[in-house]
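# Coordinate inspection notes
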Amino acid sequence: MFTQSAKLANVLYDIRGPVLEEAERMEAAGTRILKLNIGNPAPFGFEAPDSILVDMIKHLPQAQGYSESRGILSARRAVVQYYETKGIRTLDADDVYLGNGVSELITLAMQALCDPGDEILVPTPDYPLWTASIALAGGTPVHYRCAEEDGWNPDLEDIAAKITPRTKGIVVINPNNPTGAVYSKELLEGIVALAEQHGLAVFADEIYEKITYGDAQMINMATLTGDDVLCLTFSGLSKAYRIAGYRSGWLAITGPKHRASSYIEGIKLLANMRMCANVPAQHAIQAALGGHQSIEDLVLPQGRLGAQMDLSARKLNEIDGVEVTPAKGALYLFAKLDTERFGIVDDERFALDLLREQRILVSHGSAFNWNRPDHFRLVTLPGVEVLDEALNRLAEFLDGYRQH
Ligand code: PLP
């Protein structure tokens, strides 16, 4: 008998769980499913700018061997220069680690830090890889509240109340997946002040940094953490540059590195153990960061993503029993369902019922470590006609839906 290891007991990643498996079974049986469950830009017509592809192809002959485990120097320098344009001047190329997507670097950063009993503060709702990686590393994820009634902003009082002597760091996802919130400077400064007061590291997941709507302004955490707070910034090419499948991301470490030398040695060790990130995709970083910032034309008012987000928020709010806070950034809406009206006690079942009846795949809220069955996440990547039709079908489905 082969059984999975005990360390997986508390590891959950339900955005790719049973509901997706059912969708895959239905697809294998010939049913067409509208996938509004994963932020994967390319299948919805958001293809990478040619300049990135051409540059990668051009470099293929030089990308045959392993690279340095941190990543190729030209790409790490490009990351340094990119953050310099944002006002972050203390970053050195040796503080940058390239990975097979941000995902690999998140698990690596948690593995290198956590001992049993160590606590990391994570938002609820969260992007579930954070909670899963902390649990896998043997640490304890402690969820702090993001307040829907306050535009999904993190509740600073709740964060402060949950800090203990075992707290090592705090995860901040900005712009946020799944809520679409983009945090103000004051709010980020409030988080930094708590981190400084309690000697915590800040883990800034900024993979959606270029995807903001209207007048929302994304502020990089490392511009605020300065010399006193250790900041690990995670970003990459999957979303803004639409090449999620190539797997290319980076981790940039700023702040009091002398106080974190053992931790950084641990990160280096784990980076060495996996040899290096996929080398052809590392070459895309310089082309992307130096080149045309293609996502920007898509999110401007006349652009595709902004129009899709507006339509989705408006149509969701028109459905009786559904309410949503319009997103200021990222690719998602985290919508609230009136559980009494629909008799919903199990949000995974809600997602399965919607899938089976309307062939629309969404992610249920509890997959994001949200502890009530009253939310689901919608991806706003399809064109407006497709979203319009999908949301009409959702309204039709909910009209008369009762789970109990
Ligand atoms: N962080 C957040 C908040 C995400 O939403 C995602 C992907 O959806 C990731 C990290 C992982 O991205 P990558 O493709 O770089 O592994």
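Residues numbered from 1 in each chain as written. Predicted model: local features only at pLDDT ≥ 70, side-chain atom pairs only at ≥ 80, totals over all residues.

You'll find the chain entered in an unreviewed UniProt entry as alanine transaminase, with Brevibacterium salitolerans given as the organism. Among the UniProt annotations of the chain, the heading Sequence similarities (unreviewed entry) holds the following wording: "Belongs to the class-I pyridoxal-phosphate-dependent aminotransferase family." The record in UniProt for the chain states the following under Cofactor (unreviewed entry): "pyridoxal 5'-phosphate". (UniProt positions renumbered as here; feature names shortened; annotations may be inferred.)

### Let's talk about the overall build of the chain
Secondary structure summary: the chain contains 15 helices and 14 strands in total. Radius of gyration (C-alpha) of the chain: 21 Å, near the 22 Å computed for a compact globule of 404 residues. With the C-alpha coordinates of the chain rotated into their principal frame, the extents come out at 60 × 55 × 50 Å. The proportion of buried residues among the 404 residues of the chain is 47%. (Helix = DSSP H or I, 4+ residues; strand = E, 2+ residues; numbered from the N terminus. Rg over C-alpha atoms; globule rule 2.2 N^0.38 Å. Buried ≥ 20, exposed ≤ 12 C-beta atoms within 10 Å, placed from the backbone.)

### Some points on the site of the ligand
Close to the ligand lie 13 residues, the nearest being Gly101, Val102, Ser103, Tyr127 and Ser238. Per element, the largest residue contribution to the shell around the ligand is three residues, and it comes from helix α4 (residues 101-113). (Near = placed C-beta within 6 Å.)

### Considering the domain arrangement of the chain
Here the domain parsing of the chain yields domain 1 (6-47 + 297-398) and domain 2 (51-290). The straight-line distance from the C-alpha centre of domain 1 to that of domain 2 is 25 Å. At the junction of the two partners, domain 1 supplies 34 residues and domain 2 supplies 32 residues. Secondary-structure elements contributing two or more residues to the side of domain 1 that touches domain 2 are α12 (304-318) and β11 (332-337). It is β11 that contributes the most residues to the side of domain 1 that touches domain 2, four residues altogether. Looking at the side of domain 1 that touches domain 2, its residues break down into 19 nonpolar, nine polar and six charged. (Domains from an automatic or database assignment. Contact = placed C-beta atoms within 7 Å. Nonpolar A, V, L, I, M, F, W, Y, C, P; charged D, E, K, R; others polar.)

### Considering the pairing of strand β9 (residues 249-254)
Of all the six residues making up β9, six are buried; the element is thus mostly covered by neighbouring parts of the structure. Side chains Gly249, Leu251 and Ile253 of β9 all project onto a buried face; the interleaved residues Trp250, Ala252 and Thr254 project onto the opposite face, where all are buried too. Sheet analysis places strand β2 (residues 96-99) next to β9, joined by four bridges and oriented antiparallel. Looking at the pairing, Tyr97 lines up with Leu251 of β9. Where strand β8 (residues 231-236) lies against β9, six bridges are found, and the strand directions are antiparallel. (Pairing = 2+ DSSP bridges.)

### Looking at the sheet that holds strand β6 (residues 167-173)
Here we have eight strands laid out as an open sheet, ordered β2-β9-β8-β7-β6-β3-β4-β5, and mixed in their pairing. Only two strands of the sheet have a single partner each, and these edge strands are β2 and β5 (153-154). Set on the sheet, helix α7 (residues 185-198) makes contact with β5, β6 and β7 (201-205); between it and β6 the angle comes to about 170 degrees. (Axes fitted to C-alpha atoms, helices over the stretch in contact; angles between N-to-C directions.)

### What about the nonpolar core?
Ranked by size, the top nonpolar core spans 119 residues in total, and within it Ala109, Ile170, Val202 and Ala284 carry the most contacts. Per element, the largest residue contribution to this core is seven residues, and it comes from α4. Looking at this core, you find at least three residues from each of domain 1 (6-47 + 297-398) and domain 2 (51-290). Setting aside anything within four residues of it in sequence, one finds Val202 in contact with Gly169, Ile170, Val172, Val192, Ala195, Met221, Thr225, Val229 and Cys231. (Core = buried A, V, L, I, M, F, W, Y, C linked by C-beta atoms within 7 Å.)

### Comments concerning unusual backbone geometry
Across residues other than glycine, the phi torsion is negative in most instances, and most of the peptide bonds are trans. Cis rather than trans, the peptide bond between Asn174 and Pro175 has omega equal to -10 degrees. Of note, Pro175 is situated in the loop between β6 and α7. Put simply, Asn177 and Pro178 share a cis peptide bond, and its omega is 15 degrees. Secondary-structure assignment places Pro178 in the loop between β6 and α7.

### Some details on the packing of helix α2 (residues 50-59) against helix α10 (residues 279-290)
One can describe the packing of α2 onto α10 by two numbers: an axis separation of 8 Å at closest approach and a directional angle of 135 degrees. Considered as vectors, α2 and α10 are oriented oblique to each other. α10 is crossed by α2, and the crossing has right-handed handedness. Between α2, through Ser51, Ile52, Asp55, Met56 and His59, and α10, the contact on the second element is made entirely by Pro280, His283, Ala284, Ala287 and Ala288. (Parallel < 35°, antiparallel > 145°, perpendicular 65-115°, else oblique. Left-handed = near helix turned anticlockwise from the far one by under 90°.)

### A closer look at the sheet that holds β11
Taken in spatial order, the four strands make up an open sheet running β10-β11-β14-β13, and their pairing is antiparallel. The open sheet terminates on both sides in strands that have one partner only, identified here as β10 (322-323) and β13 (363-364). Here β11 runs beside strand β14 (residues 375-379); their pairing, made up of five bridges, is antiparallel. Counterpart to Phe334 in the pairing with β14 is Arg377.

### Focus: the confidence of the model for the chain
Looking at the chain, pLDDT values average 94 and 98% of them are 70 or higher. Reported for the predicted complex are a pTM of 0.96 and an ipTM of 0.99. (pLDDT = per-residue confidence, 0-100.)

### Overview of the pairing of β14
For a regular strand, side-chain orientation follows a simple rule: the groups alternate between the two sheet faces. For β14, a buried count of five out of five residues is recorded, marking the element as mostly surrounded by other parts of the structure. Relative to β14, β13 runs antiparallel, the two sharing two bridges. By the bridge assignment, Ser363 is partnered in β14 with Arg377.

### Overview of the packing of helix α14 (residues 347-358) against helix α15 (residues 384-398)
Two numbers describe how α14 lies on α15: the axes approach to 11 Å, and their chain directions differ by 110 degrees. Taken together, the axes of α14 and α15 lie roughly perpendicular to each other. The handedness of the crossing between α14 and α15 is right-handed. Residues Leu354, Glu357 and Gln358 of α14 lie in contact with α15, whose contacting residues are Arg393, Leu394 and Phe397. Considering only residue class, the contact of α14 with α15 consists of three nonpolar, one polar and two charged.

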